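Letter by letter, the chains look like this.
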Amino acid sequence: MAEPRVCVGVIGGSFGVRGEVRLKSFCAEPESIADYGPLFTEDGKRSFAVTLTRPVKGGFAARLTGIATKEQADALKGVRLHADRAALPALPDDEFYHADLIGLEVLDTGGKVLGRVRAVHDHGAGDLLEIHGPGLTSTVLLPFTAACVPTVDLAAGRLIADPPEGLLP
């Protein structure tokens, strides 16, 4: 299996005429995006070393290896950049990278398998875990809070859920 990767930023298009890009960082310390390289496209087919040149509105102007013209930079607009999970810093015990949660088995507090985490969504009011599994006619969105998910055990590949009444059949 390939090294898991985490989305750390997105290219907003060209910046200037010399091949720089406008880069929006999703990192807790935005400038650290340049420290996790090389960064990969989502499909993993291209990678870039990143050099931040200066802060600009909404992110940074940056140079990417192999990108020398405004046209090449424009062609990358909207491309999400991913870092190898191993290159990222460790998190406190109560924080998780979305990539670490996807694929975890979901059990209820009695040990019954509810399904697996298919995706993690963040719509601004807190993360939601998209759960899919046997006995579910469609995916279920479970709030990723301490009350609804009291235990996350990455080593065992599972989490314990205590969903609100009526959320699951």
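Residues numbered from 1 in each chain as written. Predicted model: local features only at pLDDT ≥ 70, side-chain atom pairs only at ≥ 80, totals over all residues. Heavy atoms only, no water.

A. Representation of the overall build of the chain in the model. When you go through the chain residue by residue, the secondary structure sums to 2 helices and 13 strands. Taking the principal axes of the C-alpha coordinates as reference, the chain spans close to 60 × 30 × 30 Å. In the chain, the share of contacts with a sequence separation of at least 24, taken over all contacts with a separation of at least 6, comes to 47%. Carbon together with sulfur atoms contributes 52% to the accessible area of the chain, which is approximately 9800 Å² in total. Averaged over its 17 positive side-chain charges, the chain has a centre that lies 11 Å from the centre of its 22 negative ones. (Helix = DSSP H or I, 4+ residues; strand = E, 2+ residues; numbered from the N terminus. Contact = heavy atoms within 4.5 Å. Areas by Shrake-Rupley, 256 points an atom, 1.4 Å probe, with all protein chains shown as cover. Lys, Arg positive; Asp, Glu negative; His and termini not counted. Charge placed at Lys NZ, Arg CZ, Asp CG, Glu CD.)

B. Here's a closer look at the pairing of strand β10 (residues 127–132). Of the strand pairs in this sheet, strand β9 (residues 113–122) and β10 are connected by 6 bridges, and their pairing is antiparallel. For Val117, the partnering residue across the bridge sits in β10 and is Ile131. Here β9 hands over to β10 after 4 residues, with Gly124 in that stretch at a positive phi of 100 degrees. As paired strands, β10 and strand β11 (residues 140–143) are joined by 4 bridges and run antiparallel to one another. By the bridge assignment, Ile131 is partnered in β11 with Val140. (Pairing = 2+ DSSP bridges.)

C. Here's a closer look at the state of the cysteines. For the coordinates displayed, the defined rule picks out 0 disulfides. Lacking any disulfide linkage, Cys7 is separated from the closest cysteine sulfur, that of Cys27, by 9.2 Å. (Disulfide = S-S within 2.5 Å.)

D. Structural detail: the pairing of β9. With 3 bridges joining them, strand β8 (residues 105–108) and β9 adopt antiparallel strand pairing. Within β9, the residue paired with Leu107 across the bridge is Val113.

E. Up close: the packing of aromatic side chains. With the rule as written, the count across this model stands at 1 aromatic pair. With centroids separated by 6.0 Å and ring planes inclined at 65 degrees, the aromatic side chains of Phe96 and Phe144 adopt a geometry described as edge-to-face. Here Phe96, found in the loop between β7 (80–84) and α2 (98–101), pairs with Phe144, found in the loop between β11 and β12 (151–153); they are 48 residues apart in sequence, far enough to count as distant. Positioned above the aromatic ring of Phe40 is the side chain of Arg5, whose terminal nitrogen or guanidinium carbon lies 3.5 Å from the ring centre. (Phe/Tyr/Trp six-rings, centres within 6.5 Å; stacked < 30°, edge-to-face > 60°. Lys NZ or Arg CZ within 6 Å of the ring centre and 35° of its normal.)

F. Broad picture of the sheet that holds β10. Judged by pairing direction, the sheet is mixed, and its 6 strands sit side by side in the order β11-β10-β9-β8-β13-β12 without closing on themselves. Of all the strands in the sheet, just β11 and β12 have a single pairing partner and so form its edges. Strand-to-strand twist of the sheet, defined as the mean angle between neighbouring strand axes without regard to direction, takes the value 35 degrees. Direction of pairing for β12 relative to strand β13 (residues 158–161): antiparallel, over a ladder of 3 bridges. The partner of Val152 across the bridge, within β13, is Leu159. (Axes fitted to C-alpha atoms, helices over the stretch in contact; angles between N-to-C directions.)

G. Spatial organisation of the pattern of salt bridges. The final tally for this structure, using the stated rule, is 4 salt bridges. With a shortest N-O distance of 2.8 Å, Arg5 and Asp84 are connected by a salt bridge. Taken together, the residues span a long stretch of sequence, with Arg5 in strand β1 (residues 5–15) and Asp84 in strand β7 at a distance of 79 residues. The partly exposed category is assigned to Arg5, whose relative accessible area is 31%. (Salt bridge = Lys/Arg side-chain N within 4 Å of Asp/Glu carboxyl O. Buried < 20%, exposed > 50% of the residue type's maximum accessible area, 1.4 Å probe, protein only.)

H. Just the side chain of Glu20, in detail. Its location among the elements puts Glu20 in strand β2 (residues 20–25). Classification of Glu20 as buried rests on a relative accessible area of 9%. At a separation of 2.5 Å, a polar atom in the side chain of Glu20 contacts the side chain of Thr53. There is a polar contact of 3.2 Å between the side chain of Glu20 and the side chain of Arg54. When residues no more than four places from it in sequence are discounted, the contact partners of Glu20 are Gly13, Ser14, Phe15, Thr53, Arg54, Ala61, Ala62, Arg63 and Ala73. (Polar contact = N/O pair within 3.5 Å; in protein donor to acceptor, adjacent residues only side chain to side chain.)

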